[in-house]
Amino acid sequence: MNRYQVQRLGFVLLTLIALVVVVPIVLVVGVIVARGLKAINIEFLIAMPRDGMRAGGIFPAIVGTLLLTLGTALAAIPIGVGGAIYLAEYARDTWLTRAIRLAILNLAGIPSVVYGLFGLGLFVLFLRLGTSILAGSLTLAVMTLPIIISTAEEALRAVPSEFRLVSASLGGTRWQGIRHIVFPQALPGIITGVLLGLLRAAGETAPILFTVAAFFLPHLPRSLFDQTMALPYHLYVISTQVPGMPHEIQYGTALVLLMLVLSINIVATSIRSYFRRRRQW
Amino acid sequence: MVSNDESPIIRIENVSYAYGDKWALRNVSLDVQRNAITVFLGPASGGKTTLLRLINRLNDLVDGTRMMGRILFNGQDIYAPGVDVPTLRRRIGMVFALPLPLPGTIRENITYGPRLAGIKDKTRLAELTERSLRQAALWDEVKDRLDAPASSLSGGQQQRLCIARSLALEPEVLLLDEPTSGLDPISTAKVEHSLFELKSQYTIIIVPHSIQQAARVADYAAFFLMGELIEYRVGTELFTAPRDRRTEDYVTGRFG
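Think of each chain on its own: its residues are numbered from 1, step by step along the sequence as written. Chains carry letters from A onward and ligands carry numbers from 1 onward, assigned in written order. Totals for whole chains, interfaces and linings use every residue, but because this is a predicted model, local features are given only for residues with pLDDT of at least 70 and side-chain atom pairs only at 80 or more, for both listing and counting.

A. The arrangement of the overall build of chain B in detail. Each helix is a run of DSSP H or I of at least 4 residues and each strand a run of E of at least 2, with the numbering of both proceeding from the N terminus. Along chain B, the regular secondary structure elements total 10 helices and 10 strands. Its C-alpha radius of gyration of 18 Å places chain B within 12% of the 18 Å reference for a compact globule of 256 residues. Oriented by its inertia axes, the alpha-carbon framework of chain B measures out at about 50 × 45 × 40 Å. Residues with at least 20 other C-beta atoms within 10 Å of their own are called buried, those with 12 or fewer are called exposed, and the rest are partly exposed. The C-beta atoms themselves are positioned from the backbone. In chain B, buried positions account for 43% of the 256 residues. A fraction of 70% describes how many contacts in chain B between residues 6 or more apart in sequence connect residues 24 or more apart. Just to be clear, the radius of gyration here is over C-alpha atoms, and the globule rule we use is 2.2 Å times residues to the power 0.38. In this description, any two residues whose backbone-derived C-beta atoms lie within 7 Å of each other are considered to be in contact.

Here you go:
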């Protein structure tokens, strides 16, 4: 083989490998859409479950997941973005900031079920929040924090340091430079990171298992201290715990969860590409 | 503190400065005269930019540095505790080597500093915008598109915008660090021309991007080599009759 043939062979192999990545996604989405679409109708989306969840809709699970995602956002965004601003703009390289970075790195690697147990111990039992939307949201927020902090910090660091210098040279304090120049420039990246974090929170089962999720609750939560159904846990329940479960309902539930997560993803991606095109540096 | 026009506006006293273990300035002393153009010249890494950035404390943003000596502005030590650094930087403006417009429009670039300083009045901001753009010889080219993105200007226009942006704060001193290094000859001439216009109202310190430019604009000239101030004199004298051999070699182009 001469070197051109070697190159061609290399390209072919790499293309095949790239396709291997695409195949499972297409299959998963394809199967779920094909088998779940039959179950999707207005009643499925806005009705309570009936007959031991074998009929009716999944409305409380949809609402529960939306509430949990919202709660996660409210708790995780201020802390995550604030922490990122501190790390990117203020923190010097000391043992403290090194410890913080190490902690963030390790938090990102903790299995989600451990977060669930942590939430059970801290929020549900120790802080006496009970199994509640509040406890579940806080647990998901803790799990989401490393994603938000590291992507937001990266977005802030990507803003050229010259802008900080110019702002300072024009009589701006460090905070004014961040507030008026650096933060607005980093915002699209921060939003993307936040959405990716929330995306993960919305789809997780283990962290809500012990902290908020109800097996079956045929009404909407009335307060932050109520339990709620949630899509990922509901999917787990109807797939493994309920005998005689119609397959369309399982696939329909999976489809709704997938659509929810995909739509957040699409929003995140479009925000990023929209602002990338408008960026002036 | 009251100062008459004879006293130096900036006095640099025995300043040494190091980045980590590397000394960028060694025991530099010089007085900068009011309403004149002072030129800091010399080969690269001579300490010119560092000294410029010490004068308005921009090097505060750099970690791991050491400084000895004093810098007085109108007789007051700018590194004394309790000095309000943003206010100092408003009075001593800085223009960088590359045009660095902030994101946003031409108008937003000009009014950024004044707005941070608390000026909210629209008429006043419009006044400042027009006056500073005129001073930087840019007004006629941009007066019809003040709300266009600053990035839509050419490089030469952007650099004059950056000068105008500093002038909008009505500083007493303007520091320019190779302000024409990225510009074509015509834009360079425009910038130099505006410097001549400005020196009646401002004190200007410039790191020129060539010896020729230094000779064209200098009222006073300081020659730096490896962090040391070799010679500091009236510009025409330094260029025509340098006292130090090293200065002579540099201004006659034997090294550079």
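This is not the end of the story, as more comes after the structure.
B. Broad picture of the overall build of chain A. From N to C terminus, chain A includes 11 helices and 2 strands. Scanning chain A from its N terminus toward the C terminus, one meets helices and strands in the order α-α-β-β-α-α-α-α-α-α-α-α-α. Along the longest, intermediate and shortest principal axes, the C-alpha atoms of chain A span 70 × 65 × 35 Å. Across the 281 residues of chain A, 42% fall into the buried class. Within chain A, contacts between residues at least 6 apart in sequence are counted, and of these 78% link residues at least 24 apart.

C. Representation of the sheet that holds strand β1 (residues 10-19) of chain B in the model. What the 4 strands build is an open sheet, ordered β2-β1-β4-β5 (chain B); its pairing is antiparallel. Each having just a single partner strand, β2 (22-32) and β5 (76-77) of chain B make up the two edges of the open sheet. Being paired, for any two strands, means DSSP has found at least two bridges between them.

D. Summary view of the interface of chain B and chain A. Counting residues at the interface gives 21 residues for chain B and 15 residues for chain A. Among the secondary structure elements, those contributing two or more residues to the side of chain B that touches chain A are α2 (85-91), β6 (92-95) and α3 (106-116) of chain B. Residues were grouped as follows: Ala, Val, Leu, Ile, Met, Phe, Trp, Tyr, Cys and Pro as nonpolar; Asp, Glu, Lys and Arg as charged; and all remaining residues, including Gly, as polar. Taken together, the residues that form the side of chain B that touches chain A break down as 12 nonpolar, 5 polar and 4 charged.

E. Structural detail: helix α11 (residues 247-278) of chain A. Between its terminal C-alpha atoms α11 of chain A stretches 46 Å, which fits the 46 Å expected from 32 residues at 1.5 Å a residue. Looking at the buried positions of α11 of chain A, the neighbouring elements they touch are α1 (3-36), α2 (42-46), α3 (59-90), α8 (174-203) and α10 (231-240) of chain A. Helix span, expected: 1.5 Å multiplied by one less than the number of residues in the helix.

F. Region of interest: the confidence of the model for chain B. For chain B, the mean per-residue pLDDT works out to 91, and 98% of the residues sit at or above 70. Across the interfaces of the predicted complex, the ipTM metric reaches 0.89, alongside a pTM of 0.85. You can read pLDDT as the predictor saying how much it trusts each residue, on a scale of 0 to 100.

G. Summary view of the nonpolar core. Buried Ala, Val, Leu, Ile, Met, Phe, Trp, Tyr and Cys residues whose C-beta atoms connect them within 7 Å together make up a nonpolar core. Ranked by internal contacts, the top residues of the largest apolar core, which has 142 residues, are I148 and L156 of chain A together with V39, F40, A164, L175 and A221 of chain B. By residue number, the principal contributor to this core is helix α6 (residues 133-158) of chain A, which donates 15 residues.

H. Geometry of the sheet that holds strand β9 (residues 220-225) of chain B. All names here are of chain B. Spatial ordering of the open sheet is given by β6-β7-β8-β3-β9-β10, a layout of 6 strands whose pairing is mixed. Both edges of this open sheet fall to β6 and β10 (228-234), since each of them pairs with a single strand only. In this sheet, adjacent strand axes meet at a mean angle of 15° when their direction is disregarded. Pairing geometry for strand β3 (residues 37-41) and β9, over 4 bridges, is parallel. For every element, the axis is a line fit to its C-alpha atoms; helices are fit only across the contacting stretch, and the angle between N-to-C directions ranges from 0 to 180 degrees.

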